[in-house]
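# Coordinates in review
Letter by letter, the chains look like this.
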Amino acid sequence: KAAGYYVDAQEWIAIADALSPSGIPGEILKTAMTPINERLAKTSAGTGWKQVVINDDMTISYGEKPYGLASQSAKWRVNVMIAEAISHITSLKFLMVDEFDLLDPPSRATCMKWLVNLAKNKEIETALVFGTLKELPEKLPPLTSAYWIQGGVIAQDTKAKAA
């Protein structure tokens, strides 16, 4: 009888292991995360920003740094890169991000060039990028428009359109 109970216990342990986060669900998650991480690698190469990786345990790193230790600007990049990767994988082709102003001016230019390239390659159809700036940008990349919002309304005669 004891031997039978031992076999039953071993089978239950095997089932528990298979259903644990490191078992079958982890394998499914790892398979699902592969295209996301591949897209994140492509974005990193295209922007020059550090590599974002979503690890098997769902922790996120930016370069060698854990997400929680990254600067606000780095966290913004991580968030927008992950949002774009999800948009790409799901074929949504839409991206909406706020706090663009967290980036320094060179990084803002990099971001805009990246988004324009995505649009040119038909990988994205609409990107709404919001930020609090001192003034409306005078020079914009192709395929972009800027609007000044004041009091919750688009201010008249303050629309800048790329040539």
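Our structure is the block above this text.
Just so it is clear, the structure is predicted and the values come from calculations on it, not from any experiment. (Residues numbered from 1 in each chain as written. Predicted model: local features only at pLDDT ≥ 70, side-chain atom pairs only at ≥ 80, totals over all residues. Heavy atoms only, no water.)

Scanning all chains against the criterion turns up 2 aromatic pairs. Ring centres of Trp49 and Trp114 lie 6.0 Å apart, and the angle between their planes is 65°; on these two criteria the pair is classed as edge-to-face. Here Trp49, found in the loop between α2 (24-47) and β1 (52-54), pairs with Trp114, found in helix α4 (residues 105-120); they are 65 residues apart in sequence, far enough to count as distant. Among the residues examined, Trp114 registers a relative accessible area of 8% and is labelled buried. Both rings, one in Trp76 and one in Phe100, keep their centres 6.2 Å apart while their planes meet at 65°; by these two values the pair is edge-to-face. With a gap of 24 residues between them, Trp76 in helix α3 (residues 72-89) and Phe100 in the loop between β4 (94-97) and α4 connect regions that are remote in the sequence. According to the relative accessible area criterion, Phe100 is buried, its value standing at 10%. (Phe/Tyr/Trp six-rings, centres within 6.5 Å; stacked < 30°, edge-to-face > 60°. Helix = DSSP H or I, 4+ residues; strand = E, 2+ residues; numbered from the N terminus. Buried < 20%, exposed > 50% of the residue type's maximum accessible area, 1.4 Å probe, protein only.)

Bringing the pattern of salt bridges into the picture now. Considering all chains together, one arrives at 3 salt bridges under this definition. A salt bridge links Arg39 to Glu84; the nearest nitrogen and oxygen atoms lie 2.8 Å apart. Taken together, the residues Arg39 in helix α2 and Glu84 in helix α3 connect sequence positions 45 residues apart. Overall, the relative accessible area of 1% leaves Glu84 in the buried class. Note that Glu123 and Lys42 form a salt bridge whose closest N and O atoms lie 3.6 Å from each other. Here the residue Glu123 occupies a position in the loop between α4 and β5 (126-129), and Lys42 occupies one in helix α2, the gap between them amounting to 81 residues. On the basis of relative accessible area, Glu123 is assigned to the buried category, the value being 13%. Of the residues examined, Lys42 reaches a relative accessible area of 49% and is grouped as partly exposed. (Salt bridge = Lys/Arg side-chain N within 4 Å of Asp/Glu carboxyl O.)

Judged by side-chain polarity, Leu92, Phe94, Met96, Leu128, Phe130, Tyr147, Ile149 and Ile154 come together as a nonpolar surface patch covering roughly 740 Å² of accessible area. Position of Ile154 among the secondary structure elements: in strand β8 (residues 153-154). A relative accessible area of 45% places Ile154 in the partly exposed class. (Patch = residues over 30% accessible without salt bridge, like charges linked within 9 Å, V, L, I, M, F, W, Y side chains within 5 Å. Areas by Shrake-Rupley, 256 points an atom, 1.4 Å probe, with all protein chains shown as cover.)

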